[in-house]
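Spelled out, the chains give:
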Amino acid sequence: MKKPHQRTPLRALTHALTSPLTWLGCSAILAFSPLASASTATPPTVQSGVLTIASDLTYPPYAYFQDKVPSGFDADFSRLMAKHLNLDANIVDTRFADLVVGLRANRFDVVASALYMTPERAKLINYVPYLKTGSSLIALSKSTQRPQNPEMLCGLKVSTIKAASWTPKLERVSQSYCQAQGKPTITVLEFPTSPEALMALRSSAADVMMEDSAVAHQLVQTMKGELEVTSPELLYTIVIALGVNQRNPELSEALTQALQRATESGEYAQLLEQYGLAAPTQADIESSLATQPQ
């Protein structure tokens, strides 16, 4: 897979992991000190001895089924975290729009499903950041539409997975730019899964698809000439994080310590290298959690 991002040095990652902003949740910051005990005591979980992880397994290269086994970066990363917590990993296939709802209902312990860090979600769940990415625009190769940025989407129909972090941003562009310029608004078509959003594009029900950059490049490679990424730059750069129930701060802390141990052992760097992905810096984390102007 094409490597869309430059990798972050381990020293920068360790700084991000040990910063208090890593622990931003709904209403408070859970402080984490690099001098804290590296205890491996088992944190509380929904099922004793098991880390139950919700993931939308329709989303390669992050999460998907291969030979009926959960695969992809998020699946591998979840197993790595469970290993460092001395827990068994149980990955539960869950549609993206139901992930946060199910987490808050205590149906599972963690969400690991290319979950973007946003100020809106930070009101509902705690975060443990572990990747950075952005979004891209995809069009049919035969299409005359070649939008390079959101401002070029005025008057177009854009397909996307439901509850994507970029949807409210597109709505702001539609109102503050398209309408203000006297242009037609952007029509966002939401679908339960990424494959359904892709189907809308392929059937010409949508003019363009907006998708995570790594997923978009994977789709282009898989479709072999049928699709093209039309946005030359990464759009809406953002951090991906584990989602953790706010009522379980012990698990949030245990996961961050597990990630720090995996960083120090080199296992995390090896996983990033395998998938061509990048770790977030502290600046990336702060930017993802910054409230956007209305």
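First things first, this report covers the structure right here in the doc. Please read all numbers here as calculations on a predicted model, not as lab measurements.

Here we come to the overall build of the protein chain. In terms of helices and strands, the protein chain carries 10 helices and 12 strands. Within the protein chain, the fraction of its 294 residues that count as buried is 53%. When contacts within the protein chain are restricted to residue pairs at least 6 apart in sequence, long-range pairs at least 24 apart make up 78% of them. Put simply, the protein chain shows about 12900 Å² of open surface, and 51% of that area lies on carbon and sulfur atoms.

Bringing the packing of aromatic side chains into the picture now. Counted under the stated rule, the structure contains seven aromatic pairs. Pairing Phe73 with Phe77 gives two aromatic rings, centres 5.9 Å apart and planes at 10 degrees, and the pair type is stacked. Taken together, the residues span about one helical turn, with Phe73 and Phe77 both in helix H2 (residues 73-84) at a distance of four residues. Here Phe77 falls in the buried class, since its relative accessible area comes to 0%. By way of ring pairs, the aromatic residues Phe73, Phe77, Tyr130, Tyr268 and Tyr275 are connected into one cluster.

In this section: unusual backbone geometry. Geometrically, the link from Pro60 to Pro61 is a cis peptide bond, its omega value of 10 degrees lying close to zero. Along the chain, Pro61 turns up in the loop between strand S2 (58-59) and strand S3 (63-66). Positive phi is not limited to glycine here, since Ala114 has a value of about 50 degrees. Its location among the elements puts Ala114 in the loop between strand S6 (110-111) and helix H4 (119-122). Of the residues examined, Ala114 reaches a relative accessible area of 4% and is grouped as buried. One non-glycine residue, Lys224, lies in positive phi territory at about 50 degrees. The residue Lys224 is located in the loop between helix H7 (213-223) and strand S11 (227-229) in this model.

Pairing of strand S8 (residues 157-161) with strand S9 (residues 187-191) involves five bridges; the strand directions are parallel. Directly across from Val158, in S9, lies its bridge partner Val188. In this view, the connection linking S8 to its parallel neighbour S9 by way of helix H5 (residues 166-179) has right-handed handedness.

By secondary structure assignment, the location of Glu171 is in helix H5. Here Glu171 falls in the partly exposed class, since its relative accessible area comes to 41%. C-alpha of Glu171 to C-alpha of Thr187: the two residues are 16 residues apart in sequence and 8.6 Å apart in space.

For the pair H2 and helix H8 (residues 249-265), the least separation of the axes is 9 Å and the interaxial angle reads 100 degrees. Classified by the interaxial angle, the pair formed by H2 and H8 is roughly perpendicular. Facing Phe77, Leu80, Met81 and His84 of H2, the residues of H8 in contact are Leu255, Ala258, Leu259, Arg261, Ala262 and Ser265.

Moving on: helix H10 (residues 282-289). Helical geometry note: an α-helix holds 3.6 residues per turn, so side chains three or four residues apart project in the same direction. What H10 keeps buried is the set Gln282, Asp284, Ile285, Ser288 and Leu289. End-on, the buried residues of H10 take up no more than an arc of 160 degrees, which puts them together on one face.

Thresholds, definitions, all that
Residues numbered from 1 in each chain as written. Predicted model: local features only at pLDDT ≥ 70, side-chain atom pairs only at ≥ 80, totals over all residues. Heavy atoms only, no water. Helix = DSSP H or I, 4+ residues; strand = E, 2+ residues; numbered from the N terminus. Buried < 20%, exposed > 50% of the residue type's maximum accessible area, 1.4 Å probe, protein only. Contact = heavy atoms within 4.5 Å. Areas by Shrake-Rupley, 256 points an atom, 1.4 Å probe, with all protein chains shown as cover. Phe/Tyr/Trp six-rings, centres within 6.5 Å; stacked < 30°, edge-to-face > 60°. Pairing = 2+ DSSP bridges. Right-handed = clockwise from strand over helix to strand, strands pointing away. Axes fitted to C-alpha atoms, helices over the stretch in contact; angles between N-to-C directions. Parallel < 35°, antiparallel > 145°, perpendicular 65-115°, else oblique. Arc of directions from axis to C-beta.

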